Amino acid sequence: MSAARDDFAAALEVASTRARAWLDGLDERIVRAEVSADDVRAALGTSLPDGPSDPADVVRLLADAAEPGLVATPSGRFFGFVIGGTLPAALAADWLVSAWDQNAALRAASPAGTAVDDIAAAWLLDLLGLPPGAGVGFVTGATMANFAGLAAARDFVLARAGWDVGEHGLAGAPRVRVLVGRERHESVDSALRYLGLGAPEAVAVDDQGRMLADACAEALRDGPPTIVCLQAGNIHSGGFDPFAEIIPAAHAAGAWVHVDGAFGLWAGASPRTRALVGGAETADSWATDAHKTLNVPYDSGIVAVRDPAALRSAMSYHADYLVTDATYLEPYERVPELSRRARSVPVWAALRSLGRSGLAELVDRLCRHATAFADGIRRDVPGAEVLNDVVFTQVCLVFGDDARTREVGRRLMADGTVWMTGSRWRGREVLRISVSNWSTDDADVARGIDALTRAAVVSG
Ligand SMILES: *Cc1c(COP(=O)(O)O)cnc(C)c1O
């Protein structure tokens, strides 16, 4: 074997051993990190060596120094933010993506990469109940998926108003109004800022954070150019905007409708939850993040645009050295980036390993655990109150006043059995439970309820 091959073999061996040890330890370890970022910096050493090091030693040093500073986000007892774990097939496929080192921007650069893109895209549209002809782009996360969908929206509504953004930019363009629910995810605002659209107009929502159809209809009266950005899955309540009421009205008013479904769009993949996204398929563009409900590794946002030409004209460009096929929408023509890893591969592997019924079962299981949390909290946890209607995977609770909710949350995190994050919702400090990990089981939920009970009693 050449020296390079020996180096690969030794370094990958260490990585594989350490990855498996990390995964094996997830059942037992506490969820929070055991050390601080400063501790990890010290363990890694901050001075850059003057010369080369053995690759396997580098990987070993990294694992030794980093592991105590890792949060067990892939554990079934992690309920913070909205963070999925990683399905085994998706993780292993992700390793291959790095080993293969394809530039999946172009079919010429990676026939395999684009073949997987095409299949994964078609499966996603089918499973999520979206139009089969939509253009699909694999981006980094939901923020960029929102960006790409809203870019297509911006260009389209301005073109209809007689303004070519690609040619003239935004200076002097008609003002595009973007209507969002008051409880949209704030990353939508940053996507709009990148697009030069400024701050959106917030439309009133109900007690579950769902946009009020009447208020939206009122705001639509001012006429186009308008984009309506709806939400499938509110991070506090898990609630879904009333798509079937709002989208026809928005279209009648000449608006483009975009749906941010970072974790909630997956409701469409199960017959039990499909009604939650009823009507969302009539929108013009959709964004989701496969690392959330689907449980693939990070770097896996997905944008879909009903009219593939609208996505292409917003994202694509021509360069003589990029060998393209005019009859085919190249991967780079659907996303903001050019060079990119073969992001669709872990998505394909997750879908291929779950199958249609496995994905539906995954979604149902996450919902069932969220409901079990809410029921268990109401039954067993002293002083706790569940604030939301648990329709999907999110549970939002309080313990009396803000100070007490914060204190219970602090004790819960110090305990380390589970991880739940605090937030503010509807003017109150809350504790959020997001059930997003495929590996969470009944025992994890029971341990979570016990941990909440301990934290509530100790601080009572
Ligand atoms: C997580 C989330 C986002 C942002 O997604 P990233 O993948 O973190 O960029 C946007 N919208 C909603 C509703 C989310 O839950």
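Residues numbered from 1 in each chain as written. Predicted model: local features only at pLDDT ≥ 70, side-chain atom pairs only at ≥ 80, totals over all residues. Heavy atoms only, no water.

- The protein chain goes by Glutamate or tyrosine decarboxylase in an unreviewed UniProt entry, where it is assigned to Jiangella alba.
- Its UniProt record gives the protein chain a comment under Cofactor (unreviewed entry), which states: "pyridoxal 5'-phosphate". (UniProt positions renumbered as here; feature names shortened; annotations may be inferred.)

**A short note on the overall build of the protein chain**
And then number 1: A count of helices and strands for the protein chain gives 14 helices and 11 strands.
And then number 2: What you see for the protein chain is a C-alpha radius of gyration of 23 Å, in line with the 23 Å of a compact globule of 460 residues.
And then number 3: Summarising its shape, the C-alpha atoms of the protein chain cover approximately 65 × 60 × 45 Å along the three principal directions.
And then number 4: Within the span of the protein chain, comprising 460 residues, buried residues form 53% of the whole.
And then number 5: When contacts within the protein chain are restricted to residue pairs at least 6 apart in sequence, long-range pairs at least 24 apart make up 74% of them.
And then number 6: Distance between charge centres in the protein chain, computed from 43 positive and 59 negative side chains, equals 4 Å. (Helix = DSSP H or I, 4+ residues; strand = E, 2+ residues; numbered from the N terminus. Rg over C-alpha atoms; globule rule 2.2 N^0.38 Å. Buried < 20%, exposed > 50% of the residue type's maximum accessible area, 1.4 Å probe, protein only. Contact = heavy atoms within 4.5 Å. Lys, Arg positive; Asp, Glu negative; His and termini not counted. Charge placed at Lys NZ, Arg CZ, Asp CG, Glu CD.)

**Overview of a negative patch on the surface**
And then number 1: On the surface, a cluster of negative charge is contributed by Asp-24, Asp-27, Glu-28 and Asp-441.
And then number 2: Along the chain, the position of Glu-28 falls in the loop between helix 1 (3-25) and helix 2 (37-44).
And then number 3: Exposure remark for Glu-28: the relative accessible area of 64% places this residue in the exposed category. (Patch = residues over 30% accessible without salt bridge, like charges linked within 9 Å, V, L, I, M, F, W, Y side chains within 5 Å. Areas by Shrake-Rupley, 256 points an atom, 1.4 Å probe, with all protein chains shown as cover. Salt bridge = Lys/Arg side-chain N within 4 Å of Asp/Glu carboxyl O.)

**Overview of helix 10 (residues 243-252)**
Owing to its 3.6 residues per turn, the α-helix brings residues three or four apart onto one side.
And then number 1: Considered for burial, the residues of helix 10 that qualify are Phe-243, Ile-246, Ile-247 and Ala-250. Each buried residue of helix 10 lies within a common arc of 95° when the element is viewed along its axis, so the set occupies one face. Residues of helix 10 that are exposed and point more than 90 degrees away from the buried face comprise Ala-244, Glu-245 and Ala-252.
And then number 2: Looking one or two residues beyond helix 10, the residue adopting positive phi is Gly-254, at roughly 80°. (Arc of directions from axis to C-beta.)

**Remarks on the nonpolar core**
And then number 1: By size, the foremost hydrophobic cluster in this structure holds 79 residues, and its most contacted members are Val-228, Leu-294, Leu-359, Phe-373, Ile-433 and Leu-452.
And then number 2: Summarising the domain contributions, this core has at least three residues from each of domain 2 (92-350) and domain 3 (356-459).
And then number 3: The contacts of Val-228, once residues within four sequence positions are left out, are Leu-179, Cys-216, Leu-220, Ile-246, Ala-250, Ala-255, Trp-256, Val-257 and His-258.
And then number 4: Within the second largest apolar cluster, 31 residues are counted, among which are Ala-148, Ala-152, Leu-195 and Val-303. (Core = buried A, V, L, I, M, F, W, Y, C linked by side-chain atoms within 4.5 Å. Domains from an automatic or database assignment.)

**Quick notes on the side chain of Ser-285**
And then number 1: By secondary structure assignment, the location of Ser-285 is in strand 6 (residues 285-289).
And then number 2: Setting aside residues no more than four positions away along its own chain, Ser-285 makes contact with Gly-149, Trp-256, Val-257, His-258, Val-259, Ala-304 and Val-305.

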